[in-house]
Amino acid sequence: MSSTVFFDQFAKRHLGVNAEELQEMLAAIGVDSLDQLIDETVPAGIRKKDALDIPEAVTEFEFLKDLKKIAAKNKVFESYIGLGYYNTITPSVILRNIFQNPGWYTQYTPYQAEIAQGRLEALLNFQTMVSDLTGLPIANASLLDEGTAAAEAMTMFYAQKNKRNRGEAINQFLVSDQVFPQTIDILRTRALPLGIEVVVGDWRNFEFNEKTFGILLQYPAADGEVADYRPLVEKAKASEIYVTVAADILSLALLTPPGEWGADAVVGNTQRFGVPMGYGGPHAAYFATKDDFKRQIPGRIIGVSVDSQGNPALRMALQTREQHIRREKATSNICTAQALLAIMAGMYAAYHGPKGIQAIAKRVNAMAQILAGNLDQLGFAVTHQLYFDTLHLQADAAQIAAVREKAEQAEVNFYYTESAIQISLDETTTLASLETIVGIFAEIAGKEQELETNGSESLNLPDSLIRESEFLTHPVFNSYRTESQMMRYIKRLENRDLSLVHSMIPLGSCTMKLNAATELLPVSWPEFANLHPFAPMDQTEGYQQIFRELSAYLSEITGFADCSLQPNSGAQGEYAGLLTIRAYHLSRGDDHRNIALIPSSAHGTNPASAVMAGMEVVVVKCDDDGNIDIEDLRAKAEKHSNELAALMVTYPSTHGVFETGIRDICGIIHQHGGKVYMDGANLNAQVGLTSPGLIDADVCHLNLHKTFAIPHGGGGPGMGPICVNESLQPFLPNHPLVKTGGEQGIHPVSAAPWGSASILLISYAYIRMLGRDGVRKASEYAILNANYIKARLEKSYDVLYVGANGRTAHELIIDLRPFRSLVSAEDVAKRLIDYGFHAPTLSWPVAGTIMIEPTESEDKDELDRFCDAMLGIRKEIDEIASGEADAKQNVLHNAPHTLAVITADEWELPYSRSKAAWPVAYLQEGRKFWPAVGRLDGAYGDRNLVCTCPPLEAYEQEA
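About the criteria used
Residues numbered from 1 in each chain as written. Predicted model: local features only at pLDDT ≥ 70, side-chain atom pairs only at ≥ 80, totals over all residues. Heavy atoms only, no water. UniProt positions renumbered as here; feature names shortened; annotations may be inferred. Helix = DSSP H or I, 4+ residues; strand = E, 2+ residues; numbered from the N terminus. Rg over C-alpha atoms; globule rule 2.2 N^0.38 Å. Buried < 20%, exposed > 50% of the residue type's maximum accessible area, 1.4 Å probe, protein only. Areas by Shrake-Rupley, 256 points an atom, 1.4 Å probe, with all protein chains shown as cover. Lys, Arg positive; Asp, Glu negative; His and termini not counted. Charge placed at Lys NZ, Arg CZ, Asp CG, Glu CD. Pairing = 2+ DSSP bridges. Contact = heavy atoms within 4.5 Å. Axes fitted to C-alpha atoms, helices over the stretch in contact; angles between N-to-C directions. Right-handed = clockwise from strand over helix to strand, strands pointing away. Parallel < 35°, antiparallel > 145°, perpendicular 65-115°, else oblique. Left-handed = near helix turned anticlockwise from the far one by under 90°. Nonpolar A, V, L, I, M, F, W, Y, C, P; charged D, E, K, R; others polar. Patch = residues over 30% accessible without salt bridge, like charges linked within 9 Å, V, L, I, M, F, W, Y side chains within 5 Å. Salt bridge = Lys/Arg side-chain N within 4 Å of Asp/Glu carboxyl O. Core = buried A, V, L, I, M, F, W, Y, C linked by side-chain atoms within 4.5 Å. Polar contact = N/O pair within 3.5 Å; in protein donor to acceptor, adjacent residues only side chain to side chain. Phe/Tyr/Trp six-rings, centres within 6.5 Å; stacked < 30°, edge-to-face > 60°. Lys NZ or Arg CZ within 6 Å of the ring centre and 35° of its normal. pLDDT = per-residue confidence, 0-100. Expected span 1.5 Å × (residues − 1). Bend = angle between axes of the 7 residues up to and from the residue.

The name given to the chain in an unreviewed UniProt entry is Glycine dehydrogenase (decarboxylating), with the source organism recorded as Flavilitoribacter nigricans. On record in UniProt, under Catalytic activity (unreviewed entry), the comment for the chain is "N(6)-[(R)-lipoyl]-L-lysyl-[glycine-cleavage complex H protein] + glycine + H(+) = N(6)-[(R)-S(8)-aminomethyldihydrolipoyl]-L-lysyl-[glycine-cleavage complex H protein] + CO2". Per UniProt, the chain has the following entry under Function (unreviewed entry): "The glycine cleavage system catalyzes the degradation of glycine. The P protein binds the alpha-amino group of glycine through its pyridoxal phosphate cofactor; CO(2) is released and the remaining methylamine moiety is then transferred to the lipoamide cofactor of the H protein."

Given below as structure tokens:
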């Protein structure tokens, strides 16, 4: 290496295996080189022959230096645009200890509840906060954004209304024209394929008929008005029409919650509870509803249950009814949440408490009153006399142009329509802010005016709508007022959860790789964190440069022509990809093409997304080796040739294998006029080695929270961009407020133009710091690590599927069904906790198995510790089989073992405490992780559904 080159290259920090370990692992696998292993794994017919056309790697130091220059191109003006996005103050104790803390952001979705009690409690706090503020008893653990939440409510009630309807569909949904414009467009996206008629108009003139199933209102309205909707809601109730209200979460500290005046569902965004705007996200949307709909509510619900010792414990309630598990019977494809952001919002509420939240809301309203009074003196009358935080000013084109010019000179952004100016205030607004705003309008009016601050002490809200009910009464919202208290509470919860700071998380199809600190740091920079998603484009040139470059990188990696960065989850990417296919067929007059062929091994979101896109699912068989049955595919493609819209395929397959017939499979679909959608869940095995374009797919979505290093955050955020070939390029999603997408673009799938824009920085950093060679090596080392685990375990366990040369891709499935008379796959998963590991993916895609994905970031020592754990468990199974261990009272059936159990005064189990808690030597070296609770009783939690924080007396009674 030249003496002028930086020694500290990022690839050395990201890739876990060093050169010496590489040779040891290759020998164990039985190959001479890494190239030989890749040649035996990836079919030659789809191998990429040349290098990726992306830049060479830069060091972490160089990257941050360059990124600072790009960030400086963003102009962070004072934002009063509103429309669901507001400046907020993130308490430093939350920013530092959650948002910037890998102990929180590297956790996975809390499927293994015993090692997830911290985030489960934090999410239960979020649900309780939402339930209290909305006045409804059931809330989920967050959704992607407000527009998506409103669309989920619409489709939930559409399904509910038509559940027993045998006649013509009841399909009209009335939407107030004062709902945020981005929400209205997402409703149209969701409605079109399902045949729902979205009718937008003045809510005062709503007329119901026999086709109307629901209405949507904004509270307060988009133009700021606080209106009394109760007469309309009573009329809707009398006609058995469902009412959804999109509500500002902060305003509900002052306004009567919609749940108290008849709403069936309340949706919205919790962004202004301490989560930066981030040019659109990520933020945690909320969804609350009546108890009647607890089994229909989309997304995840955290509930209270008990563990094996009878102690209170939390889990994902109704877990097996997650919508995507219902496959083609699903009404939603939601399989994720915005957990990290929901946790932040819940902590914001816990830190401020009811008095603090109400004080913040009152201050915002007081500032709005002061501003309205000053503007009125200058001759700019506020349209609505009753408002919370947003002032609407009627203006002609000349006035709007003059105000815009002066405002931008003062580095201030308002929201402008063709006939009005809107100003939305927030908790960061100061008297100095008001002076600046008043100065702008004074200059337009040709007057001089000092800011008058003598506003009314009373709320500028309808007396009949001022909130009287209490909220946030649980002790968790009334106990942590000092920073020390909050810091320690956050740390207590963090300590209950296993994350990547503790050990490898070998979840198959989840790609729990390193989320490097340098990738994460810029997300908090104010140049990126404090931009409004609808800010003028000339103020966002830094972001636009990143979008252009990242889109080009992702298009090159996938072998496609273009990319949309809008979908803000993998499932949304699936949906967007299918909608582009649908739009392509419609543009050619092929509106009859509505059949989606989907392999039986596909992830449940695939059929759910297809149904949402208006397609009919036809399942294709898999053969005994786990591959798509090509003859069955051919037969079904021929049978449905005239109606064939698409094939949905995951590559490498969900069984962890590069199928050799993939190009033939794609060719069959194209021969019959269909398009091929490739699920990008397993792209981590492809980068630089092959690509969706090389296998002849037409569109794929990318899980940036898998392959491209965005952390999982305990169940979100994620990003699911789609890349397309030239035929689908014109149909990439657009947006009503910011120009983006294709010439014939579909309606948006996310509320913000570029989805959760701020976390795109992470994937941008990942690609820039690894460079063209590093991203390829990441895929090679992911394949290496999976095959090394296979080599170490295959003599003790059956590896269920392998490729033509006996190799796995980046993950492998271990078959535990031969032991089912002795132990279950769940027993093995829970016993791994005692060994210090999160379980691999359990019973998917094959029941009674575990799927292991080690990723490229793990070193050989960590891989060996995991293999030692699995081999230790195999010995424990053998002890049961031989009779050495009791058939019922054994370490597997009783796993995991808590510290309380191990240190109890009495020990009556037929095995030692040390065998239970320290079965291998490495656990004595500071690697022991104690589960907070014993094994969860899932059935109890579902029978006794409690989805808000229980009173303290409940814990005392259980104890």
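**Overview of the overall build of the chain**
Scanning the chain for helices and strands turns up 28 helices and 25 strands. What you see for the chain is a C-alpha radius of gyration of 28 Å, in line with the 30 Å of a compact globule of 959 residues. Among the 959 residues that make up the chain, the fraction classed as buried is 63%. Surface exposure of the chain reaches about 33300 Å², of which carbon and sulfur atoms provide 46%. Charged side chains of the chain number 81 positive and 119 negative; the gap between the two group centres comes to 3 Å.

**Overview of the sheet that holds strand β11 (residues 390-394)**
Spatially, three strands are ordered β11-β14-β13 in an open sheet, and the strand pairing comes out antiparallel. Since the sheet does not close on itself, it has two edges, and those belong to β11 and β13 (415-416), each with one partner. Sheet topology note: the β13/strand β14 (residues 420-424) ladder contains two bridges and is antiparallel. From the neighbouring strand, Tyr 416 faces β14, where its bridge partner is Ile 421. In this fold helix α11 (residues 339-377) packs onto β11 and β14, with an angle of close to 20° to the strand it touches most, β11.

**What about the pairing of strand β4 (residues 197-201)?**
Of the pairings in the sheet, the one linking strand β3 (residues 172-176) to β4 comprises five bridges and is parallel in character. Bridge assignment links Phe 173 to a residue of β4, and that residue is Val 198. For the crossover from β3 across helix α9 (residues 181-194) to β4, the handedness is right-handed.

**Structural notes on the packing of helix α12 (residues 397-409) against helix α13 (residues 431-445)**
Taken N-terminus to C-terminus, the directions of α12 and α13 make an angle of 135°; their axes are 10 Å apart at the nearest point. In terms of axis orientation, α12 runs oblique to α13. Regarding α12 and α13, the two cross each other, and that crossing is right-handed. From α12, Ala 402, Val 403, Lys 406 and Ala 407 reach across to α13, where they touch Ile 440, Phe 441, Glu 443 and Ile 444. Of the residues in the contact of α12 with α13, the class split is six nonpolar, no polar and two charged.

**Overview of a nonpolar patch on the surface**
A contiguous nonpolar patch, built from Val 5, Phe 6 and Phe 61 and spanning about 290 Å² of accessible area, is present on the exposed surface. Counting through the fold element by element, Val 5 comes out in the segment before α1 (10-14). Val 5 gets classed as partly exposed once you look at its relative accessible area, which sits at 41%.

**Thoughts on the nonpolar core**
Grouped together as the largest cluster of nonpolar side chains are 257 residues, with contacts concentrated most on Met 129, Ile 215, Met 347, Leu 554, Leu 597, Phe 708 and Leu 784. Among the elements that take part in this core, helix α22 (residues 760-793) stands out by supplying 19 residues, more than any other. If near-sequence neighbours (up to four positions away) are discounted, Met 347 is found in contact with Ile 94, Ile 98, Ala 122, Met 486, Tyr 489, Ile 490 and Leu 493. Ranked by size, the runner-up nonpolar core spans 30 residues in total, among them Ala 368, Leu 375, Ala 395 and Phe 441.

**Some words on the UniProt feature "domain: Glycine dehydrogenase C-terminal" (unreviewed entry) in the chain**
UniProt's entry tags residues 778-897 with the feature "domain: Glycine dehydrogenase C-terminal" (unreviewed entry), counted in the numbering of this structure. Across residues 778-897, the secondary structure splits into 41% helix and 10% strand, with the terminal C-alpha atoms separated by 36 Å.

**Things to note about the UniProt feature "modified residue: N6-(pyridoxal phosphate)lysine" (unreviewed entry) in the chain**
In the numbering used here, UniProt assigns the "modified residue: N6-(pyridoxal phosphate)lysine" (unreviewed entry) feature to Lys 706. Here Lys 706 shows up in the loop between β20 (699-702) and β21 (722-724). A relative accessible area of 11% places Lys 706 in the buried class. Lys 706 has contacts with Ser 509, Cys 510, Thr 511, Lys 513, Ala 681 and His 712, leaving out every residue within four places of it along the chain. Reaching out from Lys 706, the side chain makes a polar contact with the backbone oxygen of Ser 509 at a distance of 2.6 Å.

**Topic: the packing of aromatic side chains**
Counted by the stated rule, this structure contains 35 aromatic pairs. Relative to Tyr 922, the ring of Phe 837 has its centre 6.4 Å away and its plane inclined at 75°; by these criteria the two rings are edge-to-face. Of this pair, Phe 837 sits in the loop between α23 (825-834) and β24 (841-842) while Tyr 922 sits in the loop between α26 (913-917) and α27 (938-943), and the two are 85 residues apart along the sequence. Neither Phe 837 nor Tyr 922 differs from the other in exposure class; each is buried. Ring pairing ties together the aromatic residues Tyr 279, Trp 525, Phe 528, Tyr 543, Phe 547 and Trp 754, which thus form one cluster. The ring of Tyr 584 is capped by Lys 675, whose NZ or CZ atom sits 4.4 Å from the centre of that ring.

**Here we look at the sheet that holds β24**
The sheet built from four strands is open, its strands ordered β22-β23-β25-β24 with antiparallel pairing. Single-partner strands in this sheet number two, and they are β22 (798-799) and β24. In this sheet, strand β25 (residues 849-852) lies alongside strand β23 (residues 812-815) in antiparallel orientation, the contact comprising four bridges. Looking across to β25, one finds that Leu 812 is bridged to Ile 852.

**Focus: the pattern of salt bridges**
Within the structure shown, the criterion is met by 43 salt bridges. Salt-bridge contacts for Glu 24 lead to Lys 860; the nearest nitrogen and oxygen are separated by 3.6 Å. In this pair, Glu 24 sits in helix α2 (residues 19-29) while Lys 860 sits in helix α24 (residues 860-882), placing the two residues 836 residues apart along the sequence. Its relative accessible area of 12% is what places Lys 860 among the buried residues. The salt bridge involving Arg 792 is made with Asp 868; its shortest N-O contact spans 3.0 Å. With Arg 792 in helix α22 and Asp 868 in helix α24, this residue pair connects regions lying 76 residues apart in the sequence. Here the salt bridges do not stand alone but share partners, grouping Glu 24, Arg 792, Lys 860, Asp 864 and Asp 868 into one network.

**Examining the pairing of β20**
Taking every second residue as pointing to the same face, both faces of β20 are buried, with Val 699 and His 701 on one and Cys 700 and Leu 702 on the other. In terms of strand pairing, strand β19 (residues 675-680) meets β20 through four bridges, oriented parallel. Each bridged residue has a counterpart across the sheet, and for Tyr 677 the counterpart in β20 is Val 699. Of the pairings in the sheet, the one linking β20 to β21 comprises three bridges and is antiparallel in character. Residue pairing in the sheet places Cys 700 in a bridge with Cys 723 of β21.

**Overview of the confidence of the model for the chain**
Residues with a pLDDT of 70 or more make up 97% of the chain, whose mean pLDDT is 95. Note that pLDDT drops below 50 for residues 320-325; the model gives that stretch 24 contacts with residues more than four away or on any other chain.

**Considering α22**
Note that an α-helix has 3.6 residues per turn; residues three or four places apart therefore point the same way. Along its 34 residues, α22 runs just 37 Å from first to last C-alpha, ending more than 12% under the 50 Å computed at 1.5 Å per residue. A bend of about 105° at Gly 771 is the largest found in α22. Of all 34 residues in α22, 29 are buried; the element is thus mostly enclosed.

**Points about unusual backbone geometry**
The omega torsion of the bond from Tyr 651 to Pro 652 falls at -10°, within 30 degrees of zero and hence cis. Within the secondary structure layout, Pro 652 lies in the loop between β18 (644-650) and α21 (662-671). The backbone of Tyr 279 shows a phi angle near 55°, a positive value even though the residue is not glycine. The buried category is assigned to Tyr 279, whose relative accessible area is 0%.

**Focus on the side chain of Asn 140**
Note on placement: Asn 140 falls in the loop between β2 (138-139) and α8 (146-161). Within the structure, the side chain of Asn 140 is placed 3.1 Å from the backbone nitrogen of Ser 142, a separation counted as a polar contact. A polar contact is formed between the side chain of Asn 140 and the backbone oxygen of Pro 298, at a distance of 2.9 Å. Look past the residues within four positions of Asn 140 in its chain and what remains in contact with it is Phe 126, Gln 127, Phe 287, Ile 297, Pro 298, Gly 299, Arg 300 and Ile 301.

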